[in-house]
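Given next are the chains, with one letter for each unit.
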Amino acid sequence: MSVVIIGGNECMVRNYKVLCEEYNCKAKVFPKQNSSLKGIGNPDLLVLFTSTVSHKMVQNALREIKGQDTKVVRSHTSSISALKTILSSI
C-alpha cells in the first residue's frame, strides 16, 4: 500500500517513513510546499496533517488526486501516535 503524508514536522519525516514500513506501506512525505505536488502519484491513502500545513497546500494535494480512488484522512495532530492510529484503522 502506498501512503502520501502532507504536512507534519520536518524533523519527523524519517520517523513517519519507518512507521509506515512497519505497516508494510511505502510512504512519501511532503512536510512543506514545494513548487508543486506533482510527485504524489496515485497513492492508496492520503494523510493530511492539517495543523502544520497551509490551506493552499491541502487544496493542491486534493486537486492532484482528484478522480483517483484514494482514501483521504485528515488529522489535526501530526504525532507518531496519530499516524499509528490512522494506519492501524486502515
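Whatever comes next refers back to the structure up there.
**Student:** Got a minute to help me understand the packing of aromatic side chains in this structure?
**Tutor:** Aromatic rings considered in pairs are described by the distance between their centres and by the relative angle of their planes. Summed over all chains, the structure comprises one aromatic pair. Ring centres of Tyr 16 and Phe 49 lie 5.5 Å apart, and the angle between their planes is 40°; this geometry places the pair in the tilted category. Here Tyr 16 is found in helix α1 (residues 13-22), whereas its partner Phe 49 is found in strand β3 (residues 45-49), with 33 residues between them in sequence. Residue classification places Tyr 16 among the buried positions, given a relative accessible area of 0%. Residue classification places Phe 49 among the buried positions, given a relative accessible area of 0%.

**Student:** I would appreciate a short explanation of α1 in the present structure.
**Tutor:** Since the α-helix turns once every 3.6 residues, residues separated by three or four places project in the same direction. Along α1, the residues classified as buried are Val 13, Tyr 16, Leu 19 and Cys 20. One face of α1 carries all of its buried residues, which in axial projection span an arc of 130°. Opposite the buried face of α1, by more than 90 degrees, sit the exposed residues Arg 14 and Glu 22. On its buried side, α1 packs onto β1 (2-6), β2 (26-30), β3 and α3 (80-89). Residue Asn 24 follows α1 closely and has a positive phi angle near 60°.

**Student:** So what exactly am I meant to see when it comes to the nonpolar core here?
**Tutor:** The tendency in soluble globular proteins is for nonpolar side chains to be buried side by side. Formed by 16 residues in total, the largest nonpolar core has its most connected members in Val 3, Ile 5, Val 47, Leu 83 and Leu 87. The set of elements that each furnish at least two residues to this core consists of β1, α1, β3 and α3. No other element matches α1, which puts four residues into this core. If we ignore the near neighbours within four places in the chain, the residues touching Val 3 are Cys 20, Cys 25, Lys 26, Ala 27, Lys 28, Leu 45, Val 47 and Leu 87. Core analysis: the second largest hydrophobic core is formed by 12 residues, Leu 48, Val 53, Ala 61 and Ile 65 among them.

Rules used in this analysis
Residues numbered from 1 in each chain as written. Predicted model: local features only at pLDDT ≥ 70, side-chain atom pairs only at ≥ 80, totals over all residues. Heavy atoms only, no water. Phe/Tyr/Trp six-rings, centres within 6.5 Å; stacked < 30°, edge-to-face > 60°. Helix = DSSP H or I, 4+ residues; strand = E, 2+ residues; numbered from the N terminus. Buried < 20%, exposed > 50% of the residue type's maximum accessible area, 1.4 Å probe, protein only. Arc of directions from axis to C-beta. Contact = heavy atoms within 4.5 Å. Core = buried A, V, L, I, M, F, W, Y, C linked by side-chain atoms within 4.5 Å.

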